[in-house]
Amino acid sequence: MLHTLPNEYREASNEELSERIEAARAKLGDKLCILVHHYQRVEVIGFGDHVGDSYGLSKIAAEKKGASVILFCGVHFMAESADILTGPNQDVYLANPLAGCPMADMAEMADVMEAWECLKPFGADENIMPVSYMNTAAGLKAFTGRMGGVICTSSNADAAMDYALSRRDKVFFFPDENLGVNTGIKYGLKPEEMVIWDFSLEQGGLSREQIERARVILWKGHCHVHTNFTAEHVRQVREENPEVKILVHPECTPEVVQAADASGSTKFIVEYCEQAKPGSAIAIGTEINLINRMALEYPDKKIFELSGQTCPVCANMYRTTLNDLAFTLENYADLKPIRVSDKHRSDALLALEKMLELV
Ligand code: 13P
Ligand code: SF4
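These figures come from a predicted structure and were not determined experimentally. (Residues numbered from 1 in each chain as written. Chains lettered and ligands numbered in written order. Predicted model: local features only at pLDDT ≥ 70, side-chain atom pairs only at ≥ 80, totals over all residues. Heavy atoms only, no water.)

(A) Layout of unusual backbone geometry. Here the amide bond leading from Phe-174 into Pro-175 is cis, since omega sits at -5°, within 30 degrees of zero. Note that Pro-175 resides in the loop between β7 (170-174) and α11 (177-187). A positive phi is found at Gln-203, a non-glycine position, where the angle reads about 45°. Take Gln-203: it is sitting in the loop between β8 (194-197) and α12 (208-213). (Helix = DSSP H or I, 4+ residues; strand = E, 2+ residues; numbered from the N terminus.)

What follows is the structure in structure tokens.
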């Protein structure tokens, strides 16, 4: 779909846009709920009725039964999840419909289905549980639900791994191999118990023995923002700031996570910054807009980005602007909401509801 804003929205100043957003919001009153992900631009964050991570925003979407218009400032898979979790009289609009997630795109439905077929001789239907990261398309969430699996976010990946491995022999985890390995290490798995399924190769590039021995089969996918950070960045920052605490998101590589002082979800990072003592030095390996906002909110703490060079911006999160908010709020009645097909809805809901129960 082509997403071109009319000139009147493209050319308006931020001041005018803010006034128009407030006016549209006042008109809609309680019918409207604006959900904003932590990685959004600081000016967009200011308009959030709720600001959160993907887990928190899903929970709010599921509870907001009174809002008939939900404006999601985030990326596509988050708005799809909100649509699945809301009722038939609620419409979810993605403020910028072009905002996707390249990691989610690394797991194509057809490739995952092909992998599942290959895993059938290893007992896929009974012995392997699909655990889908939230960053997937609705069709894969539905597959996960149909197979009795569960969805996780970085907030509850540990609980999801525990849930899955206490019920079945193996886990099929997609699409983020780094979150999968980091969670597997915390669970206590040995390196040989975690294998990477490379969908471009026959049988994922794995031997029969490797698959039989594995407890976790990981999709070969990653986030290009979080994999920018290296163990060398951690070493350099420690050398220059001996007092520093290093926090990273678990989409970073295992080498980075192991070298950091702590790793955790976006919510964990936000709470860590909130609770740190004044004067603390904190280097963070995650999306730059969140880091900059933490630095702005806590000027009495020295909060900075871990790499110092790579500018880890999620270009998709950054797509959403005040222009999009004004346009969507003034024209939502003529726009197409995000709508997951009936074919996927109920199975995906099963897996998402299970996700919300796991903390
Ligand atoms: P959260 O689940 O922490 O919101 O992260 C989503 C994401 O896309 C991180 O890159
Ligand atoms: Fe996707 Fe990475 Fe952006 Fe998160 S930061 S939305 S995983 S591309």
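Here the narrative resumes, following the displayed structure.
(B) How the structure looks around the packing of aromatic side chains. Tallying each qualifying case throughout the model produces nine aromatic pairs. The interplanar angle of 35° and the centroid separation of 6.3 Å between the aromatic rings of Phe-143 and Phe-174 together place this pair among those described as tilted. Here Phe-143 is found in helix α9 (residues 138-146), whereas its partner Phe-174 is found in strand β7, with 31 residues between them in sequence. Here Phe-143 matches Phe-174 in class, with each residue buried. Through pairs of rings, three or more aromatic residues link up here, namely Trp-116, Phe-143, Phe-172, Phe-174, Phe-199 and Trp-219. Taking the ring centre of Tyr-318 as reference, the NZ or CZ of Arg-41 above it sits at 3.7 Å. (Phe/Tyr/Trp six-rings, centres within 6.5 Å; stacked < 30°, edge-to-face > 60°. Buried < 20%, exposed > 50% of the residue type's maximum accessible area, 1.4 Å probe, protein only. Lys NZ or Arg CZ within 6 Å of the ring centre and 35° of its normal.)

(C) Structural view of the environment of Lys-302. With respect to the helices and strands, Lys-302 occurs in strand β13 (residues 302-305). A residue is classified by how much of its surface remains accessible, and Lys-302, at 45% relative accessible area, is partly exposed. Separated by 189 residues in sequence, Lys-302 and Met-113 have C-alpha atoms that sit 47 Å apart. Excluding its chain neighbours within four sequence positions, the residues that come into contact with Lys-302 are Asn-241, Ser-280, Ala-281 and Ile-282. A polar contact is formed between the side chain of Lys-302 and the side chain of Asn-241, at a distance of 2.9 Å. (Contact = heavy atoms within 4.5 Å. Polar contact = N/O pair within 3.5 Å; in protein donor to acceptor, adjacent residues only side chain to side chain.)

(D) Here's a closer look at the sheet that holds strand β12 (residues 281-285). Pairing within the open sheet is parallel, and its four strands lie in the order β11-β10-β12-β13. Each edge of the open sheet is held by one strand with a lone partner, namely β11 (262-263) and β13. Pairing analysis gives four bridges linking β12 to β13, with the strands arranged parallel. Counted as the bridge partner of Ile-282 is Ile-303 from β13. Sheet strands in contact with helix α16 (residues 288-297) are β12 and β13, and its direction is about 165° off that of β13. (Pairing = 2+ DSSP bridges. Axes fitted to C-alpha atoms, helices over the stretch in contact; angles between N-to-C directions.)

(E) Structural detail: the site of ligand 2. Around ligand 2 lies a shell formed by Tyr-39, Cys-101, Pro-102, Met-103, Asn-135, Cys-223, His-224, Glu-251 and Cys-314. Its residues assigned to classes, the shell around ligand 2 comprises six nonpolar, two polar and one charged. (Near = heavy atom within 4 Å. Nonpolar A, V, L, I, M, F, W, Y, C, P; charged D, E, K, R; others polar.)

(F) Representation of the pairing of β8. Where β8 and strand β9 (residues 216-219) come together, four bridges link them in parallel fashion. Considered in β9, the bridge of Met-194 is made with Val-216. A crossover connection joins β8 to the parallel β9 through α12; in handedness this β-α-β unit is right-handed. (Right-handed = clockwise from strand over helix to strand, strands pointing away.)

(G) Looking closely at the environment of Trp-116. Locating Trp-116 in the fold gives a position in helix α7 (residues 109-119). Residue class for Trp-116 comes out buried when judged on its relative accessible area of 2%. Separated by 133 residues in sequence, Trp-116 and His-249 place their C-alpha atoms 28 Å apart. Setting aside chain neighbours within four positions, we find Trp-116 in contact with Ala-124, Asp-125, Ile-128, Pro-130, Phe-143, Met-147 and Phe-172.

(H) Structural context of the pattern of salt bridges. A complete count under the given rule lists 18 salt bridges for this structure. Linking Lys-59 and Glu-63 is a salt bridge whose minimum nitrogen-to-oxygen distance equals 3.8 Å. Highlighted residues: Lys-59 and Glu-63, both in helix α4 (residues 54-63), separated by four residues, approximately one helical turn. Residue Lys-59 is classed as partly exposed on the basis of its relative accessible area, which comes to 35%. (Salt bridge = Lys/Arg side-chain N within 4 Å of Asp/Glu carboxyl O.)

(I) Region of the structure containing the site of ligand 1. Residues in contact with ligand 1, as listed here, are His-37, Tyr-39, Asp-53, Ser-54, Asn-135, Ser-154, His-226, His-249, Glu-251 and Thr-266. Taking His-37, its side chain carries an N or O atom lying 2.7 Å from an oxygen atom of ligand 1. In this structure, Thr-266 approaches ligand 1 through a side-chain N or O atom, which is 2.5 Å from an oxygen atom. Burial of ligand 1 by the surrounding chains reaches 95%, relative to a free accessible area of 300 Å². Here the shell around ligand 1 is built from residues that sort into one nonpolar, seven polar and two charged. (Areas by Shrake-Rupley, 256 points an atom, 1.4 Å probe, with all protein chains shown as cover.)

All quantities given are derived from atomic positions and should not be read as evidence of function.
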